[in-house]
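Structure at a glance
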Amino acid sequence: MKKQSKIYAIKTMIGQEKQVLEMFERRVKAKGEPYTTAIKAAIWVKDVKGYIFVETEDPILVDELLQGIRHSRGRSSSFIDPSEIDKYLVVKPVIESLKTGDLVEIIGGPFKSMKGRVVAVDRQKSEVTLELLESASPFPITIYAEYLRKIEGGA
Amino acid sequence: MSEMACRNCGRVFTVPKKRLDVCPICKTRSLTENWSGLIIVFNPESSTLADKLSLKEAGRYALNIGR
Ligand SMILES: [Zn+2]
């Protein structure tokens, strides 16, 4: 059976979160197995001061790697539920999740707050072509995917 | 050197300032210095965090990418 991984908070000096994360990353990569298997991911969230988070099935390996990392203050003993950091996780660029038929809202630019149906997606240019729902114009418009928020998936 | 994020695939990498405008991973031309938050995925197959973010490959990814 697969071991369950958990998410641990690592204390850092405030302002040094990214630096600690990157030093930790270098150490994991330098060690290779079994660290790169047991340690699933490490994360720095801009709005959380004085902590980074590490997801692992083996916290002892994490403790070992944290030894002597400058500005690290060690692992907190308790783990946190993944849903607690959900609110900080912004899903991948919108373009990745969009497909023809999706209903989207425009959240920036001149067409802001209008809704539309996706008729084409250009991943190379990160552009999406839409038919506006509330518009009298029959012509589709093309805008940057960053201006869009998906409301619901199409067929 | 400058740390850039790719708007298409979310990857973060370090490049000589203003030298590179194509993502070395997905080859699109949509890089930005305007990003924050960083996740390092070591083992995508069994990571809850990678799964939540639909990250299928190991690598370094930005959490927030500006336009
Ligand atoms: Zn890319």
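Residues numbered from 1 in each chain as written. Chains lettered and ligands numbered in written order. Predicted model: local features only at pLDDT ≥ 70, side-chain atom pairs only at ≥ 80, totals over all residues. Heavy atoms only, no water.

Bringing the domain arrangement of chain A into the picture now. The domains assigned to chain A are domain 1 (6-89) and domain 2 (94-152). Centre-to-centre, using C-alpha coordinates, domain 1 of chain A lies 37 Å away from domain 2 of chain A. (Domains from an automatic or database assignment.)

Another aspect to go through is the sheet that holds strand 4 (residues 72-80) of chain A. Pairing within the open sheet is antiparallel, and its 6 strands lie in the order 4(A)-1(A)-3(A)-2(A)-4(B)-5(B). Taken across any chain shown, the strands that pair with only one partner, and hence form the sheet edges, are strand 4 of chain A together with strand 5 (59-65) of chain B. In this sheet, adjacent strand axes meet at a mean angle of 25° when their direction is disregarded. Strand direction decides the pairing type here: strand 2 (residues 39-44) of chain A and strand 3 (residues 51-56) of chain A, joined by 4 bridges, are antiparallel. For A42 of chain A, the partnering residue across the bridge sits in strand 3 of chain A and is V54 of chain A. Here helix 1 (residues 17-31) of chain A sits on the sheet and contacts strand 1 (6-12), strand 2, strand 3 and strand 4 of chain A together with strand 4 (35-41) and strand 5 of chain B; the angle it forms with strand 2 of chain A, its principal contact strand, is near 160°. Here helix 3 (residues 59-66) of chain A sits on the sheet and contacts strand 1, strand 2, strand 3 and strand 4 of chain A; the angle it forms with strand 4 of chain A, its principal contact strand, is near 165°. (Pairing = 2+ DSSP bridges. Helix = DSSP H or I, 4+ residues; strand = E, 2+ residues; numbered from the N terminus. Axes fitted to C-alpha atoms, helices over the stretch in contact; angles between N-to-C directions. Contact = heavy atoms within 4.5 Å.)

This next bit is on the coordination of the zinc ion. All names here are of chain B. Donor atoms from the polypeptide that bind the zinc ion are C6 (SG), C9 (SG), C23 (SG) and C26 (SG), placed at 2.3 Å. One way to put it: the 4 donor atoms around the zinc ion meet at angles of 102 to 117°, and that makes the site tetrahedral. Counting the intervening residues between successive donors of the zinc ion yields the motif C-x2-C-x13-C-x2-C. Of this pair, C6 sits in strand 1 (residues 2-6) while C23 is found in the loop between strand 2 (12-15) and strand 3 (31-32), placing the two residues 17 residues apart along the sequence. Under the relative-accessibility criterion, C23 is labelled buried at 0%. (Donors = N, O, S within 2.8 Å, 3.2 Å for Na, K, Ca; no water. Tetrahedral: all angles 85-135°; square planar, octahedral: opposite > 155°, others 65-115°. Buried < 20%, exposed > 50% of the residue type's maximum accessible area, 1.4 Å probe, protein only.)

Moving on, we come to the interface of chain B and chain A. The partner chain A presents 37 residues to the 32 residues of chain B that form the contact. Taken together, the connections running from chain B to chain A amount to 3 salt bridges. The residue E25 of chain A makes a salt bridge to R60 of chain B at a minimum N-O spacing of 2.8 Å. Elements with a minimum of two residues in the side of chain B that touches chain A: strand 4, helix 1 (48-52) and strand 5 of chain B. Considering each element in turn, the side of chain B that touches chain A owes the most residues, 7 residues, to strand 4 of chain B. (Salt bridge = Lys/Arg side-chain N within 4 Å of Asp/Glu carboxyl O.)

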